[in-house]
Amino acid sequence: MTGSRGFIAEPAAAPAPHAPVPTTSGRRGSSAALHPEDVLAVIGMGALFCVGWPLILGWRGGQPLQLPVVIAHTCGMLAGYGVVVLVGLMSRTPALEQGVGADRLARWHSRGGRMVILLVLAHAWGAVQAWADGRGEPLWLAFWHVLRLPWLISTTLGTVLLLVVAVLSIRAARRRVSYERWHAFHLLVYIGVALSFLHQLAGPDLAGHRLLQLLWALLYTGVFALVLQHRVLTPLRNAGRHRLRVQAVIPETPGVVSIVVEGRHLQELQAQSGQFFRWRFLAPDHWTTAHPFSLSAPPTNTQLRLTVKTLGDGSSRLQQLEPGTWVLAEGPYGAVTAERRTHRNVLLIAGGVGITPMRALFETIPLGPGQDLLLLYKARTSADLIFRDELDRIAARRPGARVRYLLGDVGPLSPELFLRLVPRLADRDVYLCGPPGLAAAVRRALQQAGLPDEQLHEERFDF
């Protein structure tokens, strides 16, 4: 087996098809989780108000509505609302992270960020153009006069900061900076939002409407309170309560290590296999950055384990961590857990270091009599397999659990391959984790093989 190309390990016979699906109910996190469609509906209702309110005010004013005026008011309200939504999506509120999923929140944040920048620019153009039209001034003079309105200087500076972050978030620019530096620049958003807040309250759509000003201020205050709570206070409280420290750094394969973190009362975190934490190691060159890594083993009352592959400067330095290093852990986050399961049989698909959450799920996902749990693990060579001994031991002691190693060039990840390897594919829940290219190929193949979209569970992270 070792070093062979195109090798596929043979599985045991598929189990009988009659058994109930075990459920995992009663966990505090799942009961409070927010459904993605509900979150989008709430965001959409707020956006409708932000469009409708300026139009109502304009209609009640009795003056003909001019296009620059409409654009200035509606885009301004939407931009102010959009900013607070973007901050809320990244507040790391557990109900959002566990219900919507961190990867989906990140995608919404990215798309929403582009929309907000366009709205800000459209608002600025509409305001200047409306001023120029109303006073018969050239645009450059109108811009100067608009800039001198209350709080416009600070708002313009805040807008510049937002544009800097937007430019750095363009994929071509992101490739030129490290994640740590990109993340640090992203914190400028909070300063930009703060600088523009008073202009929003003083704007014509809210000025004079005390109740709306109060509600708008409460909206911003509440969202920033969530950020403070879940990104600052909760990690600090957990640090004092759980006292996490690096217990050991264990080599797995070349360039891959497992970091065992010990602590106290860890059952209170209610972490599940398939979830991840954002780990901040309090050592030189590490404490400024929180690294998102999945649990690579089921959590216990005293230990958590993560596994790191050298992919950049940050992950490379983590392999030299010293035992005893203090750790701040934010989480648990992630919605790819056993609670997503709706079918009897389960397929886990992992590629490369994507095996980490799949290995934890492979050990703990509930299995009833006659149910099938199949893990497909894709790697270049046998030497690249992480946790092979652990996976083999789990498969040997869990009835119904099987593992197949797809090594080397096994051909394209096609629908035919999955239909051949996986009995009754369309009647399974499928959990997927791997590099972006592999994950995309698997996703397409599974869809073409007839797997319904709602039965595929994954979280995608691509800086």
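Look above for the structure.
The present account deals with the structure reproduced in this document. Nothing here was measured: the structure is a model prediction, and the numbers come from that model. (Residues numbered from 1 in each chain as written. Predicted model: local features only at pLDDT ≥ 70, side-chain atom pairs only at ≥ 80, totals over all residues. Heavy atoms only, no water.)

**Concerning the pattern of salt bridges**
This model, assessed by the stated rule, comprises 15 salt bridges. The salt bridge partner of E330 is R280, with a shortest N-O separation of 3.9 Å. With E330 in strand β6 (residues 327-333) and R280 in strand β3 (residues 276-281), the pair connects residues that are 50 residues apart, well separated along the chain. Accessibility expressed as a relative area gives 5% for E330, which makes it buried. A salt bridge links R380 to D384, with the nearest nitrogen and oxygen atoms 3.9 Å apart. Connected via shared salt-bridge partners are R305, R359, E363, E390 and R397. (Salt bridge = Lys/Arg side-chain N within 4 Å of Asp/Glu carboxyl O. Helix = DSSP H or I, 4+ residues; strand = E, 2+ residues; numbered from the N terminus. Buried < 20%, exposed > 50% of the residue type's maximum accessible area, 1.4 Å probe, protein only.)

**Description of the sheet that holds β6**
Note: strands within a sheet are paired through backbone hydrogen bonds, in either parallel or antiparallel orientation. Ordered in space as β4-β3-β6, the three strands form an open sheet in which the pairing is antiparallel. Of all the strands in the sheet, just β4 (291-294) and β6 have a single pairing partner and so form its edges. Recorded for the sheet is a direction-independent mean angle of 30° between the axes of neighbouring strands. (Pairing = 2+ DSSP bridges. Axes fitted to C-alpha atoms, helices over the stretch in contact; angles between N-to-C directions.)

**Let's talk about the nonpolar core**
W216 and Y220 are the most contacted members of the largest nonpolar core, which totals 35 residues. Contributing elements (two or more residues each) for this core: α2 (36-60), α3 (67-89), α5 (102-135), α7 (152-169), α10 (188-202) and α11 (210-242). Counting residues per element, this core draws most heavily on α3, which supplies 11 residues. The contact partners of W216, leaving out residues within four places of it in the chain, are C50, M77, G80, Y81, F197, Q200, L201 and L206. (Core = buried A, V, L, I, M, F, W, Y, C linked by side-chain atoms within 4.5 Å. Contact = heavy atoms within 4.5 Å.)

**So, α5**
In this model, α5 (34 residues) spans 49 Å end to end at C-alpha, consistent with the 50 Å of a helix rising 1.5 Å per residue. Note on α5: the residue one or two positions beyond its end, G136, has a positive phi of about 65°. (Expected span 1.5 Å × (residues − 1).)

**Focus: the sheet that holds strand β7 (residues 345-351)**
Strand order in the open sheet made by the five strands is β9-β8-β7-β10-β11, with parallel pairing throughout. The open sheet has two edge strands, β9 (401-407) and β11 (456-458), and neither has a second partner. For this sheet, the mean inter-axis angle between neighbouring strands, taken without regard to orientation, is 20°. Here six bridges tie β7 to strand β8 (residues 373-379), and the two strands are oriented parallel to one another. Residue pairing in the sheet places I349 in a bridge with L376 of β8.

**Description of the packing of aromatic side chains**
Taken as a whole, this structure holds seven aromatic pairs when the rule is applied. For the pair Y377 and Y405, a centre-to-centre distance of 6.3 Å together with 55° between the ring planes defines the contact as tilted. Of the two residues, Y377 is situated in strand β8 and Y405 in strand β9; the sequence distance between them amounts to 28 residues. Taken individually, Y377 and Y405 each receive the classification buried, so the pair is uniform in this respect. Three or more aromatic residues joined by ring pairs form one cluster here, namely F197, W216 and Y220. Here the guanidinium or amino end of R245 rests over the ring plane of W326, the centre of that ring lying 5.3 Å away. (Phe/Tyr/Trp six-rings, centres within 6.5 Å; stacked < 30°, edge-to-face > 60°. Lys NZ or Arg CZ within 6 Å of the ring centre and 35° of its normal.)

**What to know about α11**
Along its 33 residues, α11 runs 45 Å from first to last C-alpha, staying within 8% of the 48 Å computed at 1.5 Å per residue. The largest bend along α11 measures about 35° and falls at Q229. Of the residues making up α11, those classed as buried are L212, Q213, W216, Y220, V223, V227, H230, R231, T234, P235, N238 and H242. Where α11 terminates, the next one or two residues include R243, which has phi positive at roughly 50°. (Bend = angle between axes of the 7 residues up to and from the residue.)

**Describing the layout of surface pockets**
Size it by volume and the second largest pocket reaches roughly 1,000 Å³. Secondary structure elements with two or more residues in the lining of the second largest pocket: α3, α5, α6 (139-147), α7 and α10. Broken down by element, the lining of the second largest pocket gets its largest block of residues, nine residues, from α5. Here the lining of the second largest pocket is built from residues that sort into 25 nonpolar, 11 polar and two charged. (1 Å grid on protein atoms, 1.4 Å probe; cavity = no way out; pocket = protein on both sides within 12 Å on 5 of 7 lines; lining within 4 Å. Points joined across faces, edges and corners; volume = space filled by probe spheres on them. Nonpolar A, V, L, I, M, F, W, Y, C, P; charged D, E, K, R; others polar.)

**Quick word on the pairing of β6**
Along β6, six of the seven residues are buried, which leaves the element largely enclosed by surrounding structure. The pairing of β3 with β6 spans five bridges and is antiparallel. When the bridges of β6 are listed, R278 appears paired with E330.

Geometric values such as these leave the question of function open.
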